[in-house]
Amino acid sequence: MNGRILVVDDEEGLREALAEKLRHSGHAVETAASAEEALAGLSRIRPDLIVTDLMMPGLTGLELLEKVQESLPSVGVVVMTGNEDMASAVAAMKAGAFDYLVKPVRLAQVDELVVRCLREQALNREAEAAPEPTDTGSGGKVVGRDPRMIEIYKMIGVLARNRATVMIRGETGTGKEMVARAIHTNSAHADEPFVAVNCTALSETLLESELFGHVKGSFTGAVSARRGYFEMAGSGTIFLDEIGDTSPEFQTKLLRVLQERTFYPVGGESPKRTEARIIAATHQPMELLVEEGSFREDLYFRLRVVEIEVPPLRERRDDIPRLAEALLERIRTATGSKARHIGPAAMRRLLAHDWPGNVRELENALTRAAVLARGAAIDEEHLVLGLDSDADGVTGGARASGRDDPDDLSLDSAIRRHVQVVLHRTDGNKSETARVLGISRSRLQRYVDRFDLHVPS
Ligand SMILES: Nc1ncnc2c1ncn2[C@@H]1O[C@H](COP(=O)(O)OP(=O)(O)OP(=O)(O)O)[C@@H](O)[C@H]1O
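For clarity, every value in this text was computed on a predicted model and none was experimentally measured. (Residues numbered from 1 in each chain as written. Predicted model: local features only at pLDDT ≥ 70, side-chain atom pairs only at ≥ 80, totals over all residues.)

> Can you break down the overall build of the chain residue by residue, with the values?
If you tally the helices and strands in the chain, you get 18 helices and 16 strands. By residue count, 36% of the 457 residues in the chain fall in the buried class. Long-range pairs, those at least 24 residues apart, make up 69% of the contacts in the chain between residues at least 6 apart in sequence. (Helix = DSSP H or I, 4+ residues; strand = E, 2+ residues; numbered from the N terminus. Buried ≥ 20, exposed ≤ 12 C-beta atoms within 10 Å, placed from the backbone. Contact = placed C-beta atoms within 7 Å.)

As C-alpha cells, this is what we get:
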C-alpha cells in the first residue's frame, strides 16, 4: 500500500535518508526542513501521512501536529523523538499522533509504520463510510476495526433498512447478541421492543409459552392467560439465541411464524399475527445438525436469508487493545473501579491469550483484574486467564463454569479464584504459592480452609 508522505526534519541527513527509503518502497515523498515549511506546503502536497521530528527550531513537531489535527484531522502524523523525550512522546500520542519513534530510528521500522498507518487510514475511511452501529441498546458500542468486523458493520447498515430474517453464527461470546441489537437499534423499528430469548435456558413448554403466550388452564400452572413475546415485541425484534438446541416441535411452530407470520398461543385455537423480525443465533455447526436430522432443513433455509459470521477473537487480535480499553471503561462505570489503564505487560498477555470464550472471556478477565487492581493500572499479575472456558473451548463461556460465577464481583470471590490459580501453577507447593502471593503460609492455609480450595498433589 503506497501513499503521499511528508518528511519533516531540520537534520538534513536523516530527512534525506528517510525520504530515500520511503521512495524506494514506492511512496510519493516530499520533504520540509521545518514545521513552518511543512505547514506552508500542506495544501499543495496533501499528504496521507507526515513523519516529523519533534525538536526543531521555530515551531516544534508537537505544534505542527496540533495544527494538522485542527485543519486536516484525517492526516496521520508520526512523531520522532530523541531518547530523553518520552514525556513529549506521551504528549504527542495524547495530541493524536498515530505513533512515535525513538531516535535513532531504524529505516525498516519507519517503512513498516508507514504501511500500518496507511492501512489503518484506509480502514478508518471504510468504517466512516459504513454506518456507525451506534448504541446497541445494551449500553455499549460495537468496538473493532478488523476488516471482518467492518464488513459486519456494513451489513448491519443494510439490514437496518430492511426486515430480512438473519442468522448470526459464531463461537460463544463473540458478540452475536450485540450485533443483533445493533441491527435493531439502527432500524426504523428501534422504538419497538428487542426481546432476547435463550432457547436452551427454557424447557420446551416454557419456551413455547414465553414466545407464543398461553391461554388460561392450558398446562399446570397456567392459572391465567399470558401474552407471548411475539405479541409483546410488536414490530420490534425477537432474538432467538442457541436456535440449534430447539426441539422438532418448536421448529415446526417457528417455521409457521416465518412462512405465515402467524402462531397459536399454547392451548389456544385462534391464530395471532406477528410483525416482529426474527434474528436467530447459534454457535453450532447447523449444516451438521441438518444432516443428522435434528434441525429442519426448511427452517434453516428460512432463517438464513442473510447470514453473518462473527469471527472468534483470536482471529482479530489487532482489535484486542481497543476492545480491552472500551470494555475497561464500561467496567469502570459499572463497578466504580479506579482501573483505567492496561499496562504494557498485561496488554502483551491479553494479546497472546487464545480467548476460547472470546469477548465475554476478555470482559470477565478485565472485570476480575479491575477488582484486583488497587490503582489506576491493570498489571500482569491482576490477570487470571483461562477460567472461562470448557475443556473443548467451544461451548465454554462464563455461565458454563459452575462455581466460577463471573458476575460474582466480591473481593472474596476474586481472592478465591486467584489463590486457586496460583496453587495450580505451583503444582500445590504451598510455600511457593505463599511466596508468589506475598502472604504467610498460615494465611494461605486460612484461605485454603475458608474457600475449600483444591491443593494439587
Ligand atoms: N465488538 C464488541 N464490542 C464491544 N463489546 C463487545 C463486542 N463483542 C462482544 N462484546 C461484549 O461481550 C459480551 C458478550 O457478547 P454477546 O453476549 O453479544 O455474545 P454472544 O456471541 O451472543 O454470546 P453467546 O453465544 O454466549 O450468547 C457482551 O457483554 C458484549 O457487550
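> Tell me what's going on with the sheet that holds strand S10 (residues 237-241), and back it up with residues and numbers.
By definition, the strands of a sheet pair up through backbone hydrogen bonds, in either a parallel or an antiparallel sense. Spatial ordering of the open sheet is given by S7-S10-S13-S6-S14, a layout of 5 strands whose pairing is parallel. Two strands bound the open sheet, and with one partner strand each, they are strand S7 (194-198) and strand S14 (306-309). Averaged over neighbouring strand pairs, the angle between their axes works out to 20° when direction is ignored. Judged from the 4 bridges that link them, strand S6 (residues 166-169) and strand S13 (residues 277-282) form a sheet pairing that is parallel. Looking at S13, one finds that Val166 is bridged to Ile279. (Pairing = 2+ DSSP bridges. Axes fitted to C-alpha atoms, helices over the stretch in contact; angles between N-to-C directions.)

> Give me the packing of helix H2 (residues 35-45) against helix H3 (residues 61-71): which residues, what numbers.
The interhelical angle for the contact between H2 and H3, taken along N-to-C directions, is 20°, at an axis separation of 9 Å. Accordingly, the angle class assigned to the pair H2 and H3 is roughly parallel. Judged by the sense of rotation from one axis to the other, the crossing of H2 with H3 is right-handed. Across from Ala35, Ala38 and Leu39 in H2, the residues of H3 making contact are Gly61, Glu63, Leu64 and Lys67. For the contact of H2 with H3, a count of residues per class yields 4 nonpolar, 1 polar and 2 charged. (Parallel < 35°, antiparallel > 145°, perpendicular 65-115°, else oblique. Left-handed = near helix turned anticlockwise from the far one by under 90°. Nonpolar A, V, L, I, M, F, W, Y, C, P; charged D, E, K, R; others polar.)

> Can you lay out the environment of Gly41 for me, pointing to particular residues and giving the numbers?
Mapping Gly41 onto the fold places it in helix H2. With residues near it in sequence (within four places) discarded, Gly41 still touches Glu30 and Ala32.

> Describe the UniProt feature "modified residue: 4-aspartylphosphate" (unreviewed entry) in the chain, naming the residues involved and giving the relevant values.
In the numbering adopted here, UniProt assigns the feature "modified residue: 4-aspartylphosphate" (unreviewed entry) to Asp53. Among the secondary structure elements, Asp53 is positioned in strand S3 (residues 49-53). Asp53 gets classed as buried once you count the C-beta atoms within 10 Å, which come to 24. Residues in contact with Asp53, not counting those within four places in the same chain, are Val8, Asp9, Asp10, Glu11, Gly61 and Met80. (UniProt positions renumbered as here; feature names shortened; annotations may be inferred.)

> Any chance you could break down the pairing of S10 for me, citing the residues and the numbers?
Counting buried residues along S10, 5 of its 5 residues qualify, which places the element largely inside the surrounding structure. Along S10, one buried face is formed by Thr237, Phe239 and Asp241 and the opposite face, lined by Ile238 and Leu240, is buried too. Strand direction decides the pairing type here: S7 and S10, joined by 5 bridges, are parallel. Considered in S10, the bridge of Ala196 is made with Phe239. As judged from the 4 bridges shared by S10 and S13, these two strands associate in the parallel manner. If you follow Phe239 over to S13, its bridge partner there is Ile279.

> Break down the packing of helix H8 (residues 204-212) against helix H10 (residues 248-260) for me, citing the residues and quoting the values.
Closest axis-to-axis distance for the H8/H10 pair is 10 Å, and the angle between their directions is 15°. What the angle tells us is that H8 and H10 run roughly parallel. Relative to H10, H8 is oriented so that their crossing is left-handed. Only Glu249, Phe250 and Lys253 of H10 make contact with H8, whose side of the interface consists of Glu204, Leu207 and Glu208. Tallied by class, residues from the contact of H8 with H10 come to 2 nonpolar, no polar and 4 charged.

> Describe the confidence of the model for the chain, with residues and values.
Summarising the model, the chain shows a mean pLDDT of 84, and 88% of its residues fall at 70 or more. Here residues 131-139 is modelled with pLDDT under 50, and outside its nearest four sequence neighbours on either side it reaches 24 contacts, counting other chains as well. Of the regions scoring below 50 in pLDDT, residues 390-403 engages in 24 contacts with residues more than four places distant in sequence or in other chains. This complex was scored by the predictor with a pTM of 0.61 and an ipTM of 0.98. (pLDDT = per-residue confidence, 0-100.)

> Describe the nonpolar core, with residues and values.
In this structure, Ile168, Val179 and Ile238 are the most contacted members of the largest nonpolar core, which totals 42 residues. Sorting elements by how many residues they give to this core places helix H6 (residues 147-160) first, with 6 residues. In contact with Ile238, not counting residues within four places along its chain, are Val195, Val197, Tyr229, Phe230, Ala233, Ala276 and Ile278. By size, the runner-up hydrophobic cluster in this structure holds 30 residues, among which are Leu22, Ala35, Ala92 and Tyr100. (Core = buried A, V, L, I, M, F, W, Y, C linked by C-beta atoms within 7 Å.)

> Summarise the pairing of S3; cite the residues concerned and give the values.
Taken across its 5 residues, S3 has 5 buried, putting it largely inside the fold. Going residue by residue along S3, you find Leu49, Val51 and Asp53 tucked away on one face and Ile50 and Thr52 tucked away on the opposite face as well. Two strands pair when backbone bridges link them, and strand S1 (residues 4-8) and S3 are joined in this way by 4 bridges, in the parallel orientation. From the neighbouring strand, Val8 faces S3, where its bridge partner is Thr52. In this fold, the crossover linking S3 to strand S4 (residues 76-81) by way of H3 has right-handed handedness. (Right-handed = clockwise from strand over helix to strand, strands pointing away.)

> Explain the sheet that holds strand S5 (residues 99-102) to me, and be specific about the residues and the numbers.
Pairing is parallel in the open sheet, where 5 strands are placed in the order S2-S1-S3-S4-S5. Both outer strands of the open sheet, strand S2 (28-32) and S5, are each paired with one neighbouring strand and no more. Strand-to-strand twist of the sheet, defined as the mean angle between neighbouring strand axes without regard to direction, takes the value 20°. Alignment of S4 against S5, held across 4 bridges, turns out to be parallel. Following the sheet pairing, Thr81 is matched in S5 by Val102. Helix H1 (residues 12-24) contacts S1, S2 and S3 of the sheet and is inclined by roughly 170° relative to S2.

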